[in-house]
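In case you want the letters, here they are:
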Amino acid sequence: MNNFEYRRASDTKDAINLIHQQEKSKFLAGGTNLIDLWKYNITNPTSLVDINHIAELSEIKALPDGGVRLGAGFKNADTAYHPIIEQQYPLLSKAILAGASAQIRNMASNGGNLLQRTRCYYFYDPEVPCNKRVPGSGCPAKLGYNRIHAILGTSEQCIAVFPSDMCIALAALDALVNVEGPEGKRTINFADFHRLPDDRPDLDNTLKPGELIISIDLPEKGFTTNYSYLKLRDRHSYAFALVSVATAMELDGDTIKDIRIALGGVAHKPWRSKEAEDFLIGKNASAENFSTAADLILKDAKGFGHNDFKIKLAKKAIIRNGLMALNPDTQLPGAKPSA
Ligand code: SF4
């Protein structure tokens, strides 16, 4: 039996104050990953601060600069099916709907999606060492069964991947994360929000203690014509990505004017390569050029045995998704299931 205190925050300031009153406090939004972590004894909060009733977190609104603000407490499903998101950010809608199950998407919040923890099997097994769970204890995945693990940005300490689909699209869209904490408000570029493991794999992101995600800003440019999200996984639904790719392009005829390629399932954070994107700008949107870009993205990729296949899989996925983005109607069935 885990006893805990439940407190409901009335606004963001109240939430930030409440979270500081007990050392082992956690914010509660959808709770979907929190319950997993709690059941496996990875976390044991003594106090939950419920942020589900804070109006500011539950809105979605247009910004004066043409972008859109997503409340951190807005649900994943409501976001994916919102007309503004479907029409202005279809890549984001597709990516969200490729994730989890309908039931989980109905509960999970946007802020929580950014904060979900790795699905490394060793991380969820308190009987074995894990540097992410117990710093300095070791990483059994490196020499163990590592089929789902990272091929890019790994460290001696950890080879886990970040499991989100939504965040891969947010990385491609250059979203911004608005946070508030004891020291005030700040905005974090999406590329800087999640961390590589380095020598602190216990830290998944750059949030400071007690900071709360308030909202996520989407820039005006939503790439509504040429986009695609491809998720390759062991099951067709309710499975995490082995490799996923979000591609967003702006074309002038056959020539690429702007392009973003973000990969999921391959690293401790959504993965982009400026070198590869710069290479593609001004080139034809051809399989050959996507293949060269894939080689640039994956030039430092390294497998750990069971996951070696991901390197080839990622290359094929980058090429295929680039071509699918030329005609979004070719997206795989199931990428956007009916409600
Ligand atoms: Fe832990 Fe990371 Fe190693 Fe998995 S890969 S066992 S999360 S240290």
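Scroll up to find the structure this text is about.
Everything numeric here is computed off the predicted structure, so don't read it as measured data. (Residues numbered from 1 in each chain as written. Predicted model: local features only at pLDDT ≥ 70, side-chain atom pairs only at ≥ 80, totals over all residues. Heavy atoms only, no water.)

Chemist: Lay out the overall build of the protein chain with the relevant residues and their values.
Modeler: Along the protein chain, the regular secondary structure elements total twelve helices and twelve strands. Rg of the C-alpha trace for the protein chain: 20 Å, near the compact-globule value of 20 Å for 339 residues, within the 12% margin. For the protein chain, the spread of C-alpha atoms along the principal axes amounts to about 60 × 50 × 35 Å. Among the 339 residues that make up the protein chain, the fraction classed as buried is 54%. Accessible surface, the protein chain: about 15,100 Å² in total, of which carbon and sulfur atoms supply 51%. (Helix = DSSP H or I, 4+ residues; strand = E, 2+ residues; numbered from the N terminus. Rg over C-alpha atoms; globule rule 2.2 N^0.38 Å. Buried < 20%, exposed > 50% of the residue type's maximum accessible area, 1.4 Å probe, protein only. Areas by Shrake-Rupley, 256 points an atom, 1.4 Å probe, with all protein chains shown as cover.)

Chemist: Explain the sheet that holds strand 6 (residues 176–181) residue by residue, including any values.
Modeler: Strands sit in the order 4-5-8-6-7 across an open sheet of five strands; the sheet is antiparallel. Two strands close off the open sheet at either side, each with one partner strand: strand 4 (60–62) and strand 7 (184–189). The sheet shows a mean angle of 20° between the axes of neighbouring strands, taken without regard to direction. Sheet topology places strand 6 next to strand 8 (residues 212–218); five bridges connect them, and they run antiparallel. If you follow asparagine 178 over to strand 8, its bridge partner there is serine 215. (Pairing = 2+ DSSP bridges. Axes fitted to C-alpha atoms, helices over the stretch in contact; angles between N-to-C directions.)

Chemist: So what's going on with the pattern of salt bridges? Residues and values would help.
Modeler: According to the stated counting rule, one finds 23 salt bridges in the structure shown. Across the salt bridge formed by aspartate 204 and arginine 117, the nearest N and O atoms sit 2.7 Å from each other. Taken together, the residues span a long stretch of sequence, with aspartate 204 in the loop between helix 9 (190–193) and strand 8 and arginine 117 in the loop between helix 7 (110–115) and helix 8 (166–172) at a distance of 87 residues. For the pair shown, aspartate 204 and arginine 117 are each scored as buried. Through salt bridges that share partners, Asp174, Lys221, Glu250, Lys257, Asp258, Arg260, Arg272 and Glu277 make up one connected network. (Salt bridge = Lys/Arg side-chain N within 4 Å of Asp/Glu carboxyl O.)

Chemist: Break down the packing of aromatic side chains for me, citing the residues and quoting the values.
Modeler: Summed over the entire model, instances satisfying the criterion amount to five aromatic pairs. Relative to tyrosine 124, the ring of phenylalanine 123 has its centre 5.2 Å away and its plane inclined at 90°; by these criteria the two rings are edge-to-face. Ring pairing ties together the aromatic residues Tyr40, Phe123 and Tyr124, which thus form one cluster. Between lysine 283 and the ring centre of phenylalanine 279, over which it is positioned, the NZ or CZ distance is 4.1 Å. (Phe/Tyr/Trp six-rings, centres within 6.5 Å; stacked < 30°, edge-to-face > 60°. Lys NZ or Arg CZ within 6 Å of the ring centre and 35° of its normal.)

Chemist: Can you break down the packing of helix 11 (residues 287–297) against helix 12 (residues 309–326) residue by residue, with the values?
Modeler: As a packed pair, helix 11 and helix 12 sit with axes 9 Å apart at the nearest point and diverge in direction by 140°. Of the possible angle classes, the one that applies to helix 11 and helix 12 is oblique. Remark: the crossing between helix 11 and helix 12 carries right-handed chirality. Taken together, the residues of helix 12 that come into contact with helix 11 (itself represented by Ala287, Phe290, Ser291, Ala294, Asp295 and Ile297) are Lys315, Ile318, Ile319, Gly322 and Leu323. (Parallel < 35°, antiparallel > 145°, perpendicular 65-115°, else oblique. Left-handed = near helix turned anticlockwise from the far one by under 90°. Contact = heavy atoms within 4.5 Å.)

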